[in-house]
Number of protein chains: 4
Amino acid sequence: MNEKLTIAGRQFGSRLMTGTGKFASNDLMRDALAAAETEIVTVALRRADLSGGQDAYANILEYVDRDRYLLLPNTSGAMNAEEAVRLARLAEAAGLPKWIKLEIHPDPTYLLPDPIETLKAAEILVKEGFTVLPYINADPVLAKHLQEAGCAAVMPLGAPIGSNKGIITRDQVSIIIEQATVPVVVDAGIGAPSHAAEAMELGADAVLVNTAMAIASDPIRMARAFKLAVEAGRDAYEIGLPQAQLKASATSPLTAFLSE
Amino acid sequence: MNEKLTIAGRQFGSRLMTGTGKFASNDLMRDALAAAETEIVTVALRRADLSGGQDAYANILEYVDRDRYLLLPNTSGAMNAEEAVRLARLAEAAGLPKWIKLEIHPDPTYLLPDPIETLKAAEILVKEGFTVLPYINADPVLAKHLQEAGCAAVMPLGAPIGSNKGIITRDQVSIIIEQATVPVVVDAGIGAPSHAAEAMELGADAVLVNTAMAIASDPIRMARAFKLAVEAGRDAYEIGLPQAQLKASATSPLTAFLSE
Amino acid sequence: MNEKLTIAGRQFGSRLMTGTGKFASNDLMRDALAAAETEIVTVALRRADLSGGQDAYANILEYVDRDRYLLLPNTSGAMNAEEAVRLARLAEAAGLPKWIKLEIHPDPTYLLPDPIETLKAAEILVKEGFTVLPYINADPVLAKHLQEAGCAAVMPLGAPIGSNKGIITRDQVSIIIEQATVPVVVDAGIGAPSHAAEAMELGADAVLVNTAMAIASDPIRMARAFKLAVEAGRDAYEIGLPQAQLKASATSPLTAFLSE
Amino acid sequence: MNEKLTIAGRQFGSRLMTGTGKFASNDLMRDALAAAETEIVTVALRRADLSGGQDAYANILEYVDRDRYLLLPNTSGAMNAEEAVRLARLAEAAGLPKWIKLEIHPDPTYLLPDPIETLKAAEILVKEGFTVLPYINADPVLAKHLQEAGCAAVMPLGAPIGSNKGIITRDQVSIIIEQATVPVVVDAGIGAPSHAAEAMELGADAVLVNTAMAIASDPIRMARAFKLAVEAGRDAYEIGLPQAQLKASATSPLTAFLSE
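The shown structure was predicted, so the numbers you read here are calculated from the model rather than taken from an experiment. (Residues numbered from 1 in each chain as written. Chains lettered and ligands numbered in written order. Predicted model: local features only at pLDDT ≥ 70, side-chain atom pairs only at ≥ 80, totals over all residues. Heavy atoms only, no water.)

Visitor: Please give an account of the overall build of chain A that cites residues and values.
Guide: Looking only at helices and strands, one finds 8 helices and 10 strands in chain A. Per-residue burial over chain A gives 64% buried out of 260 residues. Across chain A, contacts joining residues at least 24 apart in sequence account for 65% of those joining residues at least 6 apart. With an accessible surface of roughly 8800 Å², chain A has 46% of that area assigned to carbon and sulfur atoms. (Helix = DSSP H or I, 4+ residues; strand = E, 2+ residues; numbered from the N terminus. Buried < 20%, exposed > 50% of the residue type's maximum accessible area, 1.4 Å probe, protein only. Contact = heavy atoms within 4.5 Å. Areas by Shrake-Rupley, 256 points an atom, 1.4 Å probe, with all protein chains shown as cover.)

So, in structure tokens, the structure goes:
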């Protein structure tokens with residue numbers, strides 16, 4: 001169907017990445033991941049069983065089949081580069097894949113990413129051999145810096161995390177896509193299947209959806225809806241979409257049909 | 001998956017209606033209709049074989065399997081109620097279904113529908129026993145008049161025909177959906193799968209897509225993309241979507257993860 | 001500064017029309033009208049002193065200096081053509097100007113205008129010699145019908161009355177402006193000075209503002225703000241504005257400035 | 001009228017900053033600045049007479065009355081922090097004010113600012129005693145870093161320079177305004193008076209306009225239009241604007257007016 005997605009030399013059949021937060025239960029999460037037919041699943045390190053301790057979420061990893069999914073640890077909750085780097089190293093030490101979704105958001109209200117600390121952490125982690133996918137504001141120049149620093153992809157936001165606002169950064173994301181040589185994954189803000197389709201139509205290589213799926217009244221069915229929307233949007237991108245125009249263009253020939 | 005669509009007492013499994021204009025060939029059209037899994041296909045009366053004459057499109061009906069699709073004749077090209085009513089009667093006389101997509105657009109530039117003539121024609125045709133689906137501007141009060149006149153559905157535009165602008169009448173369409181007691185079909189302007197998904201998420205009962213499919217470099221694959229998008233959008237509507245909000249909502253718990 | 005506005009052969013120096021509803025007091029209304037430097041003031045017939053009765057608003061006309069303002073009676077509250085026509089005749093009988101802002105909105109939730117009844121009433125009132133300015137949905141074909149019926153202007157809505165949403169019907173309003181031979185006045189939805197400026201930049205001949213001014217904490221100052229915005233937007237339209245484009249265009253020369 | 005604007009302890013009566021690029025002549029520029037009633041005028045260092053050489057623009061400073069305007073040198077054209085810092089020091093050495101509009105945009109297509117190099121240069125220049133106003137992407141976290149580094153204001157873009165797209169970063173700019181403790185000046189993208197008014201209504205402390213004024217067919221009149229729009233938008237912000245809502249809110253009382 002869709003062309004394969006390649007990140008850091010690894011191929012994926014699905015362009016829909018998912019998260020593991022906010023599901024009502026681990027069983028529900030597992031079934032939603034299956035329905036999404038996702039191949040990349042991100043998990044907050046805080047929730048992963050790194051410690052063997054009493055964390056309620058300690059056993060989340062038991063629910064994510066690592067033969068089926070690439071587990072993508074994320075540094076959600078890190079306030080600066082130092083914390084993010086520490087988390088990434090903990091993950092590696094615990095045997096998780098050496099891939100890291102870099103999230104550094106010091107602001108608790110909007111959870112917007114920090115461009116300075118993110119670049120700093122990316123440079124360190126790339127040097128240590130991590131495959132780094134940074135979550136960023138839709139900033140084309142920052143995206144270039146991260147690409148030049150060796151990141152495997154860039155993950156600009158469509159809108160603040162959990163806002164469900166869609167791709168409000170549409171023009172900026174389009175510039176990133178136009179200029180990037182690494183895959184562009186739209187992350188955050190995607191609250192409806194139409195948003196996911198729109199991101200793909202713009203030419204994004206993938207999207208990451210979590211909240212809209214996890215808190216839905218029927219996460220499994222919603223996961224499938226996002227899967228369909230991502231495929232539809234990507235299909236349209238690969239086929240090619242026409243430009244919008246103000247003038248109408250008749251579908252039917254309008255020549256004097258009543259003269260016959 | 002999706003709930004069935006009911007129009008005038010008849011049930012349909014698909015919520016994607018299609019047109020027959022602008023395809024490069026009739027073979028291509030037939031295959032695209034199949035890929036769309038549509039169940040309602042509209043055809044301009046001008047192009048249908050009513051006369052048995054030499055029209056290049058004369059044999060379009062041979063390509064639309066009437067056991068599989070409801071053939072929905074349309075009055076595209078009609079400049080006023082009189083012309084539209086005449087066309088509808090011709091269609092009936094020629095043995096076409098007594099369903100009519102009422103299109104009256106006197107303006108050649110934007111092909112916008114005429115509210116006055118449309119209501120006039122609708123009243124006449126309903127009385128004559130037609131199942132009438134009028135194409136209209138996104139005007140909630142007009143939609144009510146047509147509903148009260150006995151129309152089986154209303155078909156507000158998302159944007160001018162062939163403009164590919166999407167649902168620029170979003171707020172007005174939402175009001176129509178909120179107030180209508182007949183099905184609401186968004187017609188015109190839908191240029192990408194994300195637009196179709198968005199219309200369904202708003203609560204439209206169906207969408208009609210023609211240009212974006214017919215002129216695509218690969219109409220068959222584009223037809224399938226629209227099919228997926230419509231299903232995804234409808235799924236999301238049936239499940240229920242959250243409101244957009246400006247404040248972020250963390251996907252992952254942010255409690256002092258580094259304190260452990 | 002701005003070109004004069006001509007409606008029905010009468011010239012106006014101001015392109016900002018105002019209403020008289022919702023002000024906290026009649027004194028405040030009078031001072032806001034003065035600050036707006038408006039020349040056309042609409043008043044709901046219901047609130048005008050037609051009866052000499054005990055209506056709290058009965059004396060509103062004492063606060064609108066008829067040497068300074070053209071008083072434009074409106075039929076707000078009319079549910080159909082008959083009611084609107086009756087109101088217009090009452091106004092004339094009471095000695096008000098034979099100008100009428102035709103408003104027919106049967107729906108109490110969104111107060112959207114009725115295209116069918118509006119055209120019907122317009123035809124009657126034009127024949128009776130009224131100067132008719134109908135409030136309509138942003139429907140270009142309806143606008144043409146009303147123009148052909150002899151209306152002196154058309155007043156498409158930017159968004160529902162009192163919604164403060166701005167010009168959400170932007171594309172449709174642009175088509176009306178492009179095609180109209182009578183003045184186009186954007187009415188309803190204008191909740192901020194930027195909305196008024198935008199309407200003027202699109203080429204509207206005037207705007208009507210009421211709610212945003214009347215319910216402001218400081219109506220007099222807000223009236224002045226709208227006055228400035230209307231002048232600014234009209235200036236820009238008369239001068240000519242550039243198209244939006246995605247690519248940047250450097251303000252400063254970027255040639256190798258450090259090489260010198 | 002409007003409240004005074006204070007930047008770095010200095011008060012300004014105008015909230016409209018202007019640039020000096022792209023005017024057809026220096027005379028025209030001088031007259032447009034006067035019509036804008038601006039008090040802060042930015043000039044690209046490349047065009048200022050620093051060298052005493054043969055630069056066609058060498059005498060631009062003779063046209064900007066320094067008793068009337070604060071001359072704000074900018075580093076437009078700088079590709080990195082080093083170049084920007086060098087330009088700022090040259091300006092100081094040449095006797096220009098120790099205020100600097102920091103612009104670092106390595107990309108020639110969209111002229112988007114570089115967050116990393118901008119922060120680096122800002123830290124250096126603040127330490128050297130400059131009053132620094134950085135041009136940035138609409139990135140709230142970056143804005144905070146620059147504020148903490150001692151910048152006197154932040155200047156987020158509404159859209160790429162010269163694009164005339166308006167405030168497409170509306171949500172992000174709103175967050176910056178909500179969180180900033182220094183003035184927020186919207187810079188770039190403002191192509192029409194309505195855009196300037198919108199920025200002010202959002203709560204921006206000032207806007208900077210150059211291209212839209214300089215390339216207008218009548219720059220002097222356009223300058224005045226922007227002046228009016230900025231005042232109108234600021235007035236509205238200070239008075240307070242209502243929220244947009246979908247439901248209508250009647251301007252006129254709708255109680256049974258025909259029953260009397």
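Visitor: Requested: an account of the packing of aromatic side chains, with residues and values cited.
Guide: A full pass over the atoms with the stated rule returns 4 aromatic pairs over all chains. Between Phe12(A) and Trp99(A), the aromatic rings sit 6.3 Å apart at their centres with planes inclined by 85°, giving edge-to-face as the arrangement. Residue Phe12(A) is located in strand β2 (residues 10–12), and its partner Trp99(A) is located in strand β6 (residues 99–102); the two are separated by 87 residues in the primary sequence. Comparing Phe12(A) with Trp99(A), the two get one shared label, buried. Taking NZ or CZ as reference, Lys101(B) lies 5.5 Å from the ring centre of Tyr135(B), over its face. (Phe/Tyr/Trp six-rings, centres within 6.5 Å; stacked < 30°, edge-to-face > 60°. Lys NZ or Arg CZ within 6 Å of the ring centre and 35° of its normal.)

Visitor: Run through the interface of chain A and chain D, naming residues and quoting values.
Guide: Where interface size is quoted, it is often the accessible area lost as the parts come together. Taken together, the contact between chain A and chain D spans 26 residues of the former and 26 residues of the latter. With both sides pooled, the region where chain A packs onto chain D buries about 2200 Å², and carbon together with sulfur makes up 57% of that total. There are 4 salt bridges connecting chain A and chain D. The residue Asp107(A) makes a salt bridge to Lys144(D) at a minimum N-O spacing of 3.3 Å. Counting the contacts that link chain A with chain D gives 12 residue pairs in polar contact (both at pLDDT 80 or more). Elements with a minimum of two residues in the side of chain A that touches chain D: α3 (115–127), α4 (140–148) and α5 (170–179) of chain A. (Buried area = accessible area lost by both parts, 1.4 Å probe. Salt bridge = Lys/Arg side-chain N within 4 Å of Asp/Glu carboxyl O. Polar contact = N/O pair within 3.5 Å; in protein donor to acceptor, adjacent residues only side chain to side chain.)

Visitor: Provide a residue-level description of the pattern of salt bridges, including the pertinent values.
Guide: Counting across every chain of the model gives 72 salt bridges over all chains. Across the pair Lys120(B) and Glu117(B) runs a salt bridge, and its minimum N-O distance is 3.1 Å. Of this pair, Lys120(B) and Glu117(B) are both found in helix α3 (residues 115–127), 3 residues apart, which corresponds to roughly one turn of the helix. Where Glu231(B) meets Lys227(B), a salt bridge forms, and the shortest distance between an N and an O atom there is 2.6 Å. Here Lys227(B) and Glu231(B) lie together in helix α8 (residues 219–239), a separation of 4 residues that amounts to about one turn. Several salt bridges converge on common partners, so that one network encompasses Glu3(A), Glu37(A), Lys227(A), Glu231(A), Arg234(A), Asp235(A), Glu238(A), Arg221(B) and Arg224(B).

Visitor: Describe the relation of the copies chain A and chain D, naming the residues involved and giving the relevant values.
Guide: Overlaying chain A on chain D yields an RMSD of 0.0 Å, the required transformation being a rotation through 180° with an accompanying axial translation of 0.0 Å. Both copies are brought into coincidence by an operation consistent with a two-fold rotation axis. Within chain A, Ile116(A) has its C-alpha nearest the rotation axis, a separation of 3.1 Å. A share of 100% of the interface residues of chain A reappears at the interface of chain D, consistent with the copies meeting face to face through the same patch. (Least-squares fit on C-alpha atoms with pLDDT ≥ 70 in both.)

Visitor: Describe the packing of helix α4 (residues 140–148) of chain B against helix α5 (residues 170–179) of chain B, naming the residues involved and giving the relevant values.
Guide: Residue and element names in this part refer to chain B. In the contact formed by α4 and α5, the axes pass within 9 Å of each other and the chain directions differ by 35°. Judged by the sense of rotation from one axis to the other, the crossing of α4 with α5 is right-handed. Along its contact with α4, which presents Pro140, Ala143, Lys144 and Gln147, the element α5 presents Gln172, Ile175, Ile176 and Gln179. (Axes fitted to C-alpha atoms, helices over the stretch in contact; angles between N-to-C directions. Left-handed = near helix turned anticlockwise from the far one by under 90°.)

Visitor: Describe unusual backbone geometry, and please don't skip the residues or the numbers.
Guide: Although it is not a glycine, Ala8(C) adopts a positive phi angle of roughly 50°. Within the secondary structure, Ala8(C) sits in the loop between β1 (5–7) and β2 (10–12). One non-glycine residue, Glu37(D), lies in the positive phi region at around 50°. Counting through the fold element by element, Glu37(D) comes out in the loop between α1 (26–36) and β4 (40–44).

Visitor: Talk me through the UniProt feature "active site" (unreviewed entry) in chain A; I want residue IDs and the actual numbers.
Guide: Residues and elements named next belong to chain A. As annotated in UniProt, the feature "active site" (unreviewed entry) corresponds to Lys101 in the numbering used here. Structurally, lysine 101 can be placed in strand β6. In this structure lysine 101 comes out as buried when scored by relative accessible area, which is 3%. Beyond its immediate sequence surroundings of up to four residues, lysine 101 is in contact with Thr42, Leu72, Pro73, Asn74, Thr75, Leu133, Tyr135, Met155, Asp187 and Leu208. (UniProt positions renumbered as here; feature names shortened; annotations may be inferred.)

Visitor: Go over the nonpolar core, please, and point to the residues and values.
Guide: In terms of nonpolar packing, the biggest core is built from 282 residues, with Val207(A), Val207(B), Val207(C) and Val207(D) touching the most fellow members. Beyond its immediate chain neighbours, meaning those up to four positions away, Val207(B) contacts Arg15(B), Leu16(B), Met17(B), Val185(B), Val186(B), Ile190(B), Ala196(B), Ala199(B), Met200(B) and Val230(B). (Core = buried A, V, L, I, M, F, W, Y, C linked by side-chain atoms within 4.5 Å.)

Visitor: Got a sec to walk through the pairing of strand β10 (residues 206–209) of chain B? Specific residues and values, please.
Guide: Residues and elements named next belong to chain B. Burial along β10 is two-sided: Ala206 and Leu208 and Val207 and Val209, pointing in opposite directions, are all buried. Both strand β3 (residues 16–19) and β10 contribute to a ladder of 3 bridges, which runs parallel. Counterpart to methionine 17 in the pairing with β10 is leucine 208. In terms of strand pairing, strand β9 (residues 185–187) meets β10 through 3 bridges, oriented parallel. In the sheet register, aspartate 187 faces β10, and the bridge partner there is leucine 208. For the segment spanning β9, helix α6 (residues 193–202) and β10, crossover handedness is right-handed. (Pairing = 2+ DSSP bridges. Right-handed = clockwise from strand over helix to strand, strands pointing away.)

Visitor: Just give me the short version of the packing of α3(B) against α4(B), but keep the residues and values in it.
Guide: Packed helix pairs are characterised by how far apart their axes lie and by the angle those axes make with each other. Residue and element names in this part refer to chain B. Two elements in contact, α3 and α4, have axes separated by 10 Å at closest approach and are oriented at 15°. When the axes of α3 and α4 are compared, the pair comes out roughly parallel. Considering how the two elements wind past one another, α3 and α4 form a crossing that is right-handed. For the pair α3 and α4, the contacting residues are Pro115, Thr118, Leu119 and Ala122 in the first and Leu142, His145 and Leu146 in the second. Of the residues in the contact of α3 with α4, the class split is 5 nonpolar, 2 polar and no charged. (Parallel < 35°, antiparallel > 145°, perpendicular 65-115°, else oblique. Nonpolar A, V, L, I, M, F, W, Y, C, P; charged D, E, K, R; others polar.)

Visitor: Just give me the short version of the side chain of Ser163(B), but keep the residues and values in it.
Guide: Residues and elements named next belong to chain B. Note on placement: serine 163 falls in the loop between β8 (155–156) and α5. For serine 163, a relative accessible area of 0% translates into the label buried. A polar atom in the side chain of serine 163 sits 2.7 Å from the backbone oxygen of proline 160.

Visitor: If you had to explain the environment of Ala244(A) to someone new, which residues and values would you point to?
Guide: One can find Ala244(A) in the segment after α8 (219–239). What Ala244(A) contacts, discounting residues up to four positions off in sequence, is Ser163(B), Asn164(B) and Lys165(B).

Visitor: Lay out the confidence of the model for chain A with the relevant residues and their values.
Guide: Per-chain confidence: chain A averages 89 in pLDDT, with 89% of residues scoring 70 or above. Low pLDDT, under 50, characterises residues 253–260 of chain A; the stretch is placed with 17 contacts to residues that sit more than four places away or in other chains. (pLDDT = per-residue confidence, 0-100.)

Visitor: Provide a residue-level description of the environment of Lys144(C), including the pertinent values.
Guide: Locating Lys144(C) in the fold gives a position in helix α4 (residues 140–148). Note on Lys144(C): relative accessible area 26%, which makes it partly exposed. It is 8.8 Å that separates the C-alpha atoms of Lys144(C) and Thr181(C), two residues lying 37 residues apart in sequence. Residues within four places of Lys144(C) in sequence aside, it is in contact with Asp107(B) and Gln179(C).

Visitor: If you had to explain helix α2 (residues 81–93) of chain B to someone new, which residues and values would you point to?
Guide: All names here are of chain B. Between the first and last C-alpha of α2 there are 18 Å, a value that for 13 residues agrees with the 18 Å anticipated at 1.5 Å per step. Among the residues of α2, Ala81, Ala84, Val85, Leu87, Ala88 and Ala91 are the ones counted as buried. Buried residues along α2 cover an arc of 160° about the axis, so they all sit on one side. Projecting away from the buried face of α2 at angles above 90 degrees are the exposed residues Glu82 and Ala93. In this structure, the buried side of α2 is in contact with β5 (70–74), β6 (99–102) and α3. Measuring from the backbone nitrogen of glutamate 82 back to the side-chain oxygen at the start of α2 gives 3.2 Å, which picks out asparagine 80 as the cap. (Expected span 1.5 Å × (residues − 1). Arc of directions from axis to C-beta.)

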